Amino acid sequence: MSIAKALTIAGSDSGGGAGIQADIKTFQELNTFGMSVITALTAQNTLGVHGVFPQTLEAIEAQMEAVLSDMGTDAVKTGMLFSADIISLVARKLKEYEVKNIVVDPVMIAKGGAALLQEEAIRALTEELLPIATVITPNLPEAAKILGREEMKTIEEMKQAAVDLHKLGPAYVVIKGGHLTEGPAIDLLYDGESIYELETRRVETKHTHGTGCTFAAAIAAELAKGSPIKESVETAKAFITAAISSSLVIGKGIGPTNHAAYRAARLQKQ
Ligand SMILES: Nc1ncnc2c1ncn2[C@@H]1O[C@H](COP(=O)(O)OP(=O)(O)OP(=O)(O)O)[C@@H](O)[C@H]1O
Ligand SMILES: Cc1ncc(CO)c(N)n1
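Here is what the cut-offs are and how they apply
Residue indices follow the written sequence of each chain, beginning from 1 at its first position. For this description, chains carry letters from A and ligands carry numbers from 1, given in the order in which they are written. Side-chain atom pairs in this predicted model are given and counted only at pLDDT of 80 or more, local residue features only at pLDDT of at least 70, and totals for whole chains, interfaces and linings cover all residues. Side-chain measures here rest on the full set of heavy atoms in the structure, leaving out hydrogens and waters. Salt bridges, as used here, are contacts in which a Lys or Arg side-chain nitrogen is within 4 Å of a carboxyl oxygen on Asp or Glu. Per the convention used, a helix needs a DSSP run of H or I reaching at least four residues, while a strand needs a run of E reaching at least two, with both numbered from the N terminus. When a residue's accessible area, from a 1.4 Å probe over protein chains only, is under 20% of the maximum for its type it is buried; when over 50% it is exposed; and in between it is partly exposed. For this description, a residue counts as near a given molecule or strand if any of its non-hydrogen atoms is within 4 Å of it. Nitrogen and oxygen atoms within 3.5 Å of one another constitute a polar contact, given that in protein one can donate a hydrogen and the other can accept it, and given that sequence-neighbouring residues count only through two side-chain atoms. Note on areas: Shrake-Rupley with a 1.4 Å probe; residue coverage comes only from the protein chains shown. Under the scheme applied here, ten amino acids are nonpolar (Ala, Val, Leu, Ile, Met, Phe, Trp, Tyr, Cys and Pro), four are charged (Asp, Glu, Lys and Arg), and all others, including Gly, are polar. Contacts: residue pairs with any heavy atoms within 4.5 Å of one another. Between the N-to-C directions of two axes lies an angle of 0 to 180 degrees, each axis being a line fitted to C-alpha atoms and, for a helix, fitted only over the stretch in contact. Angles are sorted into four bins: roughly parallel if under 35 degrees, roughly antiparallel if over 145, roughly perpendicular if 65 to 115, and oblique for all others. Helix crossings get a hand from a simple test, with the near helix turned counterclockwise from the far one by less than a right angle marking a left-handed crossing and a clockwise turn marking a right-handed one.

**Student:** So what exactly am I meant to see when it comes to the pattern of salt bridges here?
**Tutor:** In this structure the tally under the stated criterion is 16 salt bridges. The partner of R263 in a salt bridge is E29, with the nearest N and O atoms 2.8 Å apart. Placement of R263 in helix α9 (residues 261-269) and of E29 in helix α1 (residues 19-29) is noted, with a sequence separation of 234 residues between them. The class of E29 is buried, set by a relative accessible area of 14%.

**Student:** I keep staring at the site of ligand 1 and nothing clicks. Help me out?
**Tutor:** The full set close to ligand 1 counts 17 residues, and K111, K176, H179, D187 and V203 are the nearest of them. Contact distances for ligand 1 include 2.6 Å between an oxygen atom and a side-chain N or O atom of H179. Bound to the protein, ligand 1 loses 93% of the 630 Å² it would expose on its own. Of all the secondary-structure elements, those providing two or more residues to the shell around ligand 1 are β8 (185-190), α7 (211-224) and α8 (229-245). Looking at the shell around ligand 1, its residues break down into five nonpolar, six polar and six charged.

**Student:** What is the right way to look at the side chain of T137 in this model?
**Tutor:** Counting through the fold element by element, T137 comes out in the loop between β6 (135-136) and α5 (140-147). On the basis of relative accessibility, which here comes to 1%, the residue T137 falls in the buried class. Discounting chain neighbours no more than four positions away, the residues touching T137 are V103, V104, D105, P106, E142, V174, K176, A216 and I219.

**Student:** What should I look at first to understand the site of ligand 2 in this one?
**Tutor:** Looking at ligand 2, the residues that line it are G11, S12, A18, G19, Q44, M80, V107, A110, L116, H209 and C213. Q44 is positioned with one of its side-chain polar atoms (N or O) 2.8 Å from a nitrogen atom of ligand 2. Here ligand 2 has 290 Å² of accessible area as a free molecule, and 92% of this is covered by the chains. Residues that form the shell around ligand 2 fall into these classes: six nonpolar, five polar and no charged.

**Student:** I'm lost on the packing of α1 against α7 in this one. Help?
**Tutor:** Relative orientation and spacing of two packed helices are given, respectively, by the angle between their axes and the distance between those axes. Contact pair α1 / α7: the axes reach a minimum separation of 8 Å and the direction vectors enclose 40 degrees. Comparing the axis directions of α1 and α7 gives the class oblique. Viewed along their axes, α1 and α7 form a crossing whose handedness is right-handed. Seen from α1, the contacting residues are G19, A22, D23, T26 and F27; seen from α7, they are C213, T214, A217, A218, A220 and A221. Residue composition of the contact of α1 with α7, by class: seven nonpolar, three polar and one charged.

Okay, structure coming up:
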């Protein structure tokens, strides 16, 4: 039996709600075969990030070589990359193996405020990774940081940011509106011509640990299976909305989303 393959290149979240763990759970739920390259270990739980331990370039390159030289992949999702050197290595290897369907989630800061990307790495992200990305998925602070401007607060400002980010080279731009302070949860997809708005109700919960990772991993899984970009983003939006709607009260802080909710709801409908 054959199956679509999806690879995450990201940091490990020991708490299981974000990073590599969120990605692999999402890949599994969306019927893809998940593989991983771990760029950094984080000692993390629902209360925050308690330690960051980047892996050596040698370890990261060896993992990429092992997976790509033998198994290959139908899509890649990048998450926490931490340093300029790691970004350069990842970009070089993705080019070397001509990897298609590259989803770049430009992770910068964890919800509790811990830095998951060094400040000086933003240039490498912009110059080396964004130009080879199929789609980038910044949240509002990340979009603002890449563009070197104030954080956007309105849909109109988000639309302008999507157009400006597209000029940096990715084929598609998704800007996530989870950080908008009021109103529905609106994300934008820009394909270089048209802007599509994806809107769902805002779920009233504090348990949103790992939303960004899960959303980007879902886009990668759908692209891996051959879905077009718009359908992939729409499915990812439905997946994350279901996961947030039944998010889990685990730990003393911000609990993780429920990766099993989307498939469970679909099974119930059948
Ligand atoms: N309370 C909410 N209700 C419904 N959807 C939400 C809510 N919060 C976020 N989302 C959606 O979740 C997805 C992730 O968006 P968000 O802006 O939270 O990402 P992020 O900040 O990168 O997450 P992370 O903190 O994991 O890095 C988007 O599709 C967004 O619209
Ligand atoms: C490892 C890791 N990657 C990404 C995020 C962003 O949510 C996080 N908290 N931890």
